[in-house]
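# Descriptive analysis of the structure
Now for the letters of each chain:
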Amino acid sequence: MCDRYFEECNRPYECIEFSSGEELLEYREHQLLLLFLDIEMGGMSGVEMLPRLIEADMVWRVVFVTSHDEMALEAIKDDYFLSL
């Protein structure tokens, strides 16, 4: 979907993939403007990572993805998200 969108807008972009949350936290090239973040990952969950990403000013916007309905509902009930 991103490829199609940016091609239609004729705008350049770069897509970067990370194999783990830990690898993402080590990334320091530049701020990520849009991050698709899985709620359930090996090691630290996406929900646990978000405060660290925001504190380090690493990301501008996050889209959470998951194949588990119950995890998505729990994530948005988290006190951290309610305080934003």
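Residues numbered from 1 in each chain as written. Predicted model: local features only at pLDDT ≥ 70, side-chain atom pairs only at ≥ 80, totals over all residues. Heavy atoms only, no water.

Moving on: the environment of Glu14. Within the secondary structure, Glu14 sits in the loop between α1 (2–9) and α2 (21–26). Sequence-wise, Glu14 and Leu32 are 18 residues apart; in three dimensions their C-alpha atoms are separated by 10.0 Å. (Helix = DSSP H or I, 4+ residues; strand = E, 2+ residues; numbered from the N terminus.)

In this section: the nonpolar core. Residues Leu24, Leu25, Tyr27, Leu32, Leu35, Leu37, Met44, Met49, Leu53, Met58 and Val59 constitute the largest nonpolar core, which totals 11 residues. Of all elements in the fold, only α2, β1 (32–38) and α3 (46–55) reach the threshold of two or more residues within this core. When residues in this core are grouped by element, the largest group, 3 residues, is from β1. Once residues within four sequence positions are removed from consideration, Leu37 is found in contact with Leu24, Gly46, Met49, Leu53, Val62, Val63, Phe64 and Val65. (Core = buried A, V, L, I, M, F, W, Y, C linked by side-chain atoms within 4.5 Å. Buried < 20%, exposed > 50% of the residue type's maximum accessible area, 1.4 Å probe, protein only. Contact = heavy atoms within 4.5 Å.)

Bringing the packing of aromatic side chains into the picture now. If you walk through the whole model with that rule in mind, you get 3 aromatic pairs. Relative to Phe6, the ring of Tyr5 lies with its centre 5.1 Å away and its plane at 80°, an arrangement referred to as edge-to-face. Its relative accessible area of 47% is what places Tyr5 among the partly exposed residues. A centroid spacing of 4.5 Å and a plane angle of 25° characterise the contact between Phe6 and Tyr13, whose relative ring orientation is stacked. Overall, Tyr13 belongs to the partly exposed group, its relative accessible area being 35%. Ring-pair connections join several aromatic residues into one group, and the members of that group are Tyr5, Phe6 and Tyr13. Directly above the ring of Trp60 sits Arg61, whose terminal nitrogen or CZ lies 4.0 Å from the centroid. (Phe/Tyr/Trp six-rings, centres within 6.5 Å; stacked < 30°, edge-to-face > 60°. Lys NZ or Arg CZ within 6 Å of the ring centre and 35° of its normal.)

Side-chain positions along a regular strand alternate between the two faces of the sheet. Relative to strand β2 (residues 59–65), β1 runs parallel, the two being bridged by 6 bridges. The partner of Asp38 across the bridge, within β2, is Val65. Crossover handedness for the path β1 to α3 to β2: right-handed. (Pairing = 2+ DSSP bridges. Right-handed = clockwise from strand over helix to strand, strands pointing away.)

Moving on: the layout of surface pockets. Of the pockets and cavities examined, the largest pocket occupies roughly 820 Å³. What lines the largest pocket is a set of 25 residues, and nearest its centre among them are Glu14, Cys15, Ile16, Leu34 and Leu35. Looking at the lining of the largest pocket, the elements that each hand over two or more residues are α1, α2 and β1. The biggest single contributor to the lining of the largest pocket is β1, with 7 residues. (1 Å grid on protein atoms, 1.4 Å probe; cavity = no way out; pocket = protein on both sides within 12 Å on 5 of 7 lines; lining within 4 Å. Points joined across faces, edges and corners; volume = space filled by probe spheres on them.)

Moving on: the environment of Ser45. Tracing the chain through its elements places Ser45 in the loop between β1 and α3. According to the relative accessible area criterion, Ser45 is buried, its value standing at 17%. Counting along the chain gives 25 residues from Ser45 to Ser20, while the straight-line C-alpha distance between them is 9.7 Å.

Purely spatial values, then, with no claim about function.
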